[in-house]
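Given next are the chains, with one letter for each unit.
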Amino acid sequence: MLKRFLVPTDFSPTSERAFRYALELASRTGGTVVLYHLYSPVESGYIDNMTKLSAYNQQMEADLVKELNRLADKYKGNYPGLNISTVLGRSPVVNNILGFAEHNAIDMIVMGTQGASGLKKALVGTIASRVIEKSDLPVLMIPERYEWKLPKTLVLATDYQAADKLALPLLSGIANLFDASVTVTRLMDGHITPDDARLEQERFDAYAARLQEEFADQPMEFKLIRTSSIVDAMERLDDDIPYDLLALVRRKKNFLQKFLFESFTRHMAYLTNHPFLMVPDSE
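Residue positions are counted from 1 within each chain, in the order its sequence is given. A pLDDT threshold of at least 70 governs which residues receive local features in this predicted model, and a stricter bar of 80 or more applies before side-chain atom pairs are shown or counted, although totals over entire chains, interfaces and linings include all residues. Remark: hydrogens and water are excluded; side-chain values derive from all non-hydrogen atoms of the structure.

> Hey, could you run me through the overall build of the chain in this one?
Tallying secondary structure elements over the chain gives 10 helices and 10 strands in all. Any residue under 20% of the maximum accessible area for its type is buried, any over 50% is exposed, and the rest in between are partly exposed; the area is computed with a 1.4 Å probe on protein chains only. Counting only residues that meet the buried cut, the chain has 48% of its 283 residues in that class. Split by element, the accessible area of the chain, about 14200 Å² in all, is 51% carbon and sulfur. Labels follow the DSSP assignment, with helices taken as runs of H or I lasting at least four residues and strands as runs of E lasting at least two, numbered in each case from the N terminus. Using a 1.4 Å probe, the Shrake-Rupley method yields the accessible areas, and only the shown protein chains count as cover for residues.

Structure (structure tokens):
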């Protein structure tokens, strides 16, 4: 059961949406939410006097702690009894998020992710997308255009790997918290022959039967979607399956596969309008 949620925040509206989602999860599991901000102290090159430098950094820390507590207090009244703690850390951001999670028994990282386009999307990336590439924990990303609502449909995109079964207990647990449904979908190459399409349908049906037998306590729906572009289909998935959360399993890859995967997850982190859950392959 998910108990401890880490929410890195930069005090933006997007990270506040992630905080709200984590609070909703924790309030249903009796868990804890850790609100975590990282900053970079001013170096001596900017302020020559070390006494002034120390005083400046101390004041900055005090202001940031105050801002963290203000954000936590904003929601405490809506979640009475829920344990919300605040922590101020230092950069580097990605490594310290992952290190804090590892050493503090965190079960899930919940982060906001902001959109981008063109060269910025290709070169910059988001902190969230870099975290999901390295994290050994599930990472739930909340997009900047998302507004909280009770999730009703959770979707797992599969490619028939055994590792998909790692995501289903987690996804089922989240679904049960909100009385939501789970749909397993497979995106099929739209350019294959009719005979290959028939064989793919048979394979999908057999895979669905095995999953339903193994996870008999979790009713699931299954849908095979034919598409000419996997990325385009993922972006428009809501047209085929109106959903509230999309889950993928991050697998261990060779160098080329790792590069392609990172490009795909970074792409999804920018463009999805729905919460996006990445589950690491622990095998």
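> Honestly, the packing of helix α1 (residues 13–29) against helix α2 (residues 50–76) in this entry has me stumped. Any pointers?
In helix packing, the relevant descriptors are the interaxial angle and the interaxial distance, both defined with respect to the helix axes. Between α1 and α2, the least distance of the axes is 12 Å, while the angle of their chain directions is 45 degrees. It follows that α1 is oblique to α2 by the angle criterion. Remark: the crossing between α1 and α2 carries right-handed chirality. The segment α1 lies against α2, with Glu16, Phe19, Arg20 and Leu23 engaging Leu71, Ala72, Lys74 and Tyr75. For this scheme, ten residues count as nonpolar: Ala, Val, Leu, Ile, Met, Phe, Trp, Tyr, Cys and Pro. Four count as charged, namely Asp, Glu, Lys and Arg, and the remainder, Gly too, count as polar. Looking at the contact of α1 with α2 residue by residue, the classes come out as 5 nonpolar, no polar and 3 charged. Lines fitted to the C-alpha atoms define the axes, with helices restricted to the stretch that makes contact. Angles between their N-to-C directions range from 0 to 180 degrees. Relative orientations are named as follows: roughly parallel for angles under 35 degrees, roughly antiparallel for angles over 145 degrees, roughly perpendicular for angles from 65 to 115 degrees, and oblique for any other angle. In this scheme, a crossing is called left-handed if the near helix is turned counterclockwise away from the far one by less than a right angle; it is called right-handed if the turn is clockwise. By definition, residues are in contact when any of their heavy atoms lie within 4.5 Å.

> What am I meant to see in the packing of helix α3 (residues 93–103) against helix α5 (residues 127–134) here?
The N-to-C vectors of α3 and α5 enclose an angle of 50 degrees; their axes lie 10 Å apart at closest approach. Accordingly, the angle class assigned to the pair α3 and α5 is oblique. The element α3 and its partner α5 pack so that their crossing is right-handed. Counted together, Val93, Val94, Asn95, Ile97 and Leu98 of α3 and Ile127, Arg130, Val131 and Lys134 of α5 form the full contact between these two elements. Here the contact of α3 with α5 is built from residues that sort into 6 nonpolar, 1 polar and 2 charged.

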